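# Observations on the three-dimensional arrangement
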Amino acid sequence: MEYEVKIDVVRCIRAMFEKWYLYILLGIVSVGIVFGMNYGKEELYQGYTTIYCAINGTYTATAESMKIVKLNAKLVNSNKIATRAVSIMGNNSITAEDVQAMISVDFSEESPVLGIAAVNASPKVAVSVANAVAEAFVIEASNISANDGVQIFDKAVTAERVSKGYVKNTVLLFAVGFLLLTAVIAGVEILSDRVYHVEDAELDGELELLGVIPEQTMRGRGERNNG
C-alpha cells in the first residue's frame, strides 16, 4: 500500500532554525573558499579611454563616422590595430598579442561612444595600452572613412584597481550553499520516521491509535526510578 508523504512546512522551518549553526558554518566556509581562490593573485588595474563620433560637418559625414565605429567596434582588439598600438607606444617589451589579451570593448548600438579598456598588473601599462589602442583605432577609422569624425573623447589618465569580486562571489557561493543545505535539512525532516503527533502514526487513518508512548532517555527513566 502506498502512502502520501506529507510535508509539514512549519516543522521544516523549525528544523532549519534548530540547525542555525550549520548556516553560520556555511558562511564562514564561503568566505574562506573565496579568499583562498584569490590568495596570491596579483592586483590588476584598468585603463579606460573613450572614442566618439564628432557631430560636425554634414549629416552624411557624421552618419558615415558612426557607421565606421559600429562596423569596427568588434575589431578594436584585432591584430592590425594591436600592431599599430605597439608601434605608437614604442615599447618593445609588449607584443601585439599582449595588447589583444589586455583589451576589451564597451559599446552599444544606440550610442556613438565606444569605450576601450585595458587591464594589466601595471597601472602605467594599462593606461598606455588603452590610449594607444584608441589612437590606433582613430587612425584606422580615419583611413577608412576619409574624414576625422571619429575622435578620442577622453584619454585614460589613471588606472583603477579591478575588483576581485570578494563580496559578489561570497554571496553567490553562500546562496547556492544555503539552498542545498536547506534542501538537505528539509529532506531529512520529511523522510524522518520520528512521530511528532498522534496523526503521524495512524498511517493515513489505516490504524486506530489511542496514543503514542514518547521516547524516553535512560537518564529520564533512572530519575523516575530513583524517585
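Structure's up top.
Residues numbered from 1 in each chain as written. Predicted model: local features only at pLDDT ≥ 70, side-chain atom pairs only at ≥ 80, totals over all residues. Heavy atoms only, no water.

### Quick word on the overall build of the chain
Helices and strands together make up the secondary structure of the chain, namely 8 helices and 5 strands. Counting helices and strands in the order they occur from the N terminus, the chain gives α-α-β-α-α-α-β-β-α-β-β-α-α. Residue pairs at least 24 apart in sequence account for 75% of intrachain contacts in the chain once pairs closer than 6 positions are excluded. For the chain, the computed accessible surface area is about 15,500 Å², with 59% contributed by carbon and sulfur atoms. (Helix = DSSP H or I, 4+ residues; strand = E, 2+ residues; numbered from the N terminus. Contact = heavy atoms within 4.5 Å. Areas by Shrake-Rupley, 256 points an atom, 1.4 Å probe, with all protein chains shown as cover.)

### So, the nonpolar core
One finds Ile-51, Val-76, Val-99, Ile-103, Ile-116, Val-129 and Val-133 to be the most contacted residues of the largest nonpolar core, which totals 29 residues. Counting residues per element, this core draws most heavily on helix α6 (residues 123-145), at 12 residues. With 5 residues, the next largest nonpolar core counts Ala-15, Leu-26, Leu-181 and Ile-185 among its residues. (Core = buried A, V, L, I, M, F, W, Y, C linked by side-chain atoms within 4.5 Å. Buried < 20%, exposed > 50% of the residue type's maximum accessible area, 1.4 Å probe, protein only.)

### Observations regarding the packing of helix α1 (residues 9-18) against helix α2 (residues 20-38)
Contact pair α1 / α2: the axes reach a minimum separation of 4 Å and the direction vectors enclose 60 degrees. Relative to α2, the element α1 is oriented oblique. Contacts between α1 and α2 involve Met-16, Phe-17 and Glu-18 from the former and Trp-20, Tyr-21 and Tyr-23 from the latter. Within the contact of α1 with α2, the residues separate by chemical class into 5 nonpolar, no polar and 1 charged. (Axes fitted to C-alpha atoms, helices over the stretch in contact; angles between N-to-C directions. Parallel < 35°, antiparallel > 145°, perpendicular 65-115°, else oblique. Nonpolar A, V, L, I, M, F, W, Y, C, P; charged D, E, K, R; others polar.)

Any functional reading would require information that these geometric values do not contain.
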